[in-house]
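Fold and geometry: a report
Listed here are the chains, written in short residue letters.
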Amino acid sequence: MNKATWMAMVITLLPLCAAAEEHAQTDLTIGNFFSQGWTESWEHRHRDTPDMALLRVTTNFLEREARFDYVGTEASGNPKLDATHFANGLLAYGLSRRLMLEVITNYQWNVAPTGAPANGAGGAALARVQLVETADKSYSLQVRASAANRGIGQTQSSLQYALAGWQDLGALVAPLGRTGLYYSVQLENLFGNHKAGARENDVAWALAVAHTWTESTTPAFGNFTTFFEGAGTTDFDGANAGTTVFSVTPGVRFWFVPKNSLTLGADLPLTSATFSVAYRATYTLNF
C-alpha cells in the first residue's frame, strides 16, 4: 500500500474517530456527583460484561423499560394458604444519566384450601439516583413508596431505601471472563395500623453472581446468562425480631429478540421449616 493510499485512509477515519470520542460516555463518580450527568440524556452503557436486572437483587443502574413479573409460590405446610400468584408491571424512565423515575402496579391472588380466594391490587413509585457509573462498576441509591394491598389483608404501607452495586469481575481477574457481581441492601419502614406483633422495620439484602456465555447478537439466546442469587430478610422488631429468612435463586436470562429479554428462576428456601418454592418469570422490553 503506497503513501497516498495510507493518507487517504487516515483522512477518512479521522472524522469517525472524533465522532466516537465525542460520543464516549464520561464516568459518573461521587466526586462529580453534582456537576456531571444531571443534564445529559439517558443512554444505556454497553459493556463487554453486561450489567443487567436480575430477580432478587435491587437493580443498580438507570433504565428505560417496561417490565412484567410473575411469581407463583407453593405454600407447603400452611393450613390457611395453598398458593399465591403475584403479577407485577412497571414502567421505568431514565430522565438523565443521574435520575430515573418508576411507577409500579401489581395484583396478588391468595389461594386458600377452602373458601373464596383473597385477591387485591397494590402499587408503588420509586426514584433511583446513579451514584457511580464507569466501564466496570455501578452504584445507585433508590427510594420506593408502596401502598398497602388491603384486598389480601395488608394494612401497612412502606418506605424502602436501597443501595445497590455491580462489579465486573472479569475486569479485576481476567480468567473470570464475562462475570458480574451484584449486591444490594434495603431498609424498610412499615407504617399504618397493624396487629400486635407485626414488624415495622426490617432489612433485606441480596448477593448474586452472573456469567454471560453468548454474544448479544446470538439469535434467540443473545447474552445468555446464568446466575445464582442469595437473598435474606431480617426483622428488626415485632414477634419475630431478629429472625432471618434466607433463600437462594438459580436462574437464566437471555435476549430472544433485540431489546426483549426473558428471565427465569426459582426461589429455594433454606431457613423455612417447610419447603415452599417460588417460581419466577420476568419479561423486559427496553426502549
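To be clear, the structure that these remarks concern was listed above.
Now for a quick tour of the structure. Remember, predicted model here, so these are calculated numbers, not experimental data. (Residues numbered from 1 in each chain as written. Predicted model: local features only at pLDDT ≥ 70, side-chain atom pairs only at ≥ 80, totals over all residues. Heavy atoms only, no water.)

1. Observations regarding the layout of surface pockets
By volume, the second largest pocket is sized at about 730 Å³. Lining of the second largest pocket is provided by 33 residues; of these, His44, His46, Asn223, Trp255 and Asn286 occupy positions nearest its centre. Those elements that provide at least two residues to the lining of the second largest pocket are β1 (64–74), β9 (222–235) and β10 (244–257). Top contributing element to the lining of the second largest pocket by residue count: β10, with four residues. For the lining of the second largest pocket, a count of residues per class yields 13 nonpolar, eight polar and 12 charged. (1 Å grid on protein atoms, 1.4 Å probe; cavity = no way out; pocket = protein on both sides within 12 Å on 5 of 7 lines; lining within 4 Å. Points joined across faces, edges and corners; volume = space filled by probe spheres on them. Helix = DSSP H or I, 4+ residues; strand = E, 2+ residues; numbered from the N terminus. Nonpolar A, V, L, I, M, F, W, Y, C, P; charged D, E, K, R; others polar.)

2. Remarks on the sheet that holds strand β8 (residues 201–212)
What the 12 strands build is a closed barrel, ordered β1-β2-β3-β4-β5-β6-β7-β8-β9-β10-β11-β12; its pairing is antiparallel. For this sheet the average axis-to-axis angle between neighbouring strands, irrespective of direction, equals 20°. (Pairing = 2+ DSSP bridges. Axes fitted to C-alpha atoms, helices over the stretch in contact; angles between N-to-C directions.)

3. Notes on unusual backbone geometry
What is expected of a backbone is that most residues other than glycine have negative phi and most peptide bonds are trans. With phi around 50°, Asn223 is a residue other than glycine that occupies positive phi space. Mapping Asn223 onto the fold places it in strand β9. The backbone of Lys259 shows a phi angle near 70°, a positive value even though the residue is not glycine. Locating Lys259 in the fold gives a position in the loop between β10 and β11 (260–269). Judged by relative accessible area, which is 53%, Lys259 ranks as exposed. (Buried < 20%, exposed > 50% of the residue type's maximum accessible area, 1.4 Å probe, protein only.)

4. Quick look at empty space enclosed by the protein
By the definition in use, this model includes one cavity of 30 Å³ or more. Counted as a void, the largest cavity has a volume near 100 Å³. Taken together, Trp42, Glu43, His44, Arg45, Arg47, Asp51, Phe61, Leu62, Arg97, Gln130 and Glu133 make up the lining of the largest cavity. A per-class count over the lining of the largest cavity returns three nonpolar, two polar and six charged.

5. Focus on the side chain of Asp235
The residue Asp235 is located in strand β9 in this model. Contacts of Asp235, omitting those with residues within four sequence positions, involve Arg199, Asn201, Asp202, Asn240, Ala241, Gly242 and Thr243. (Contact = heavy atoms within 4.5 Å.)

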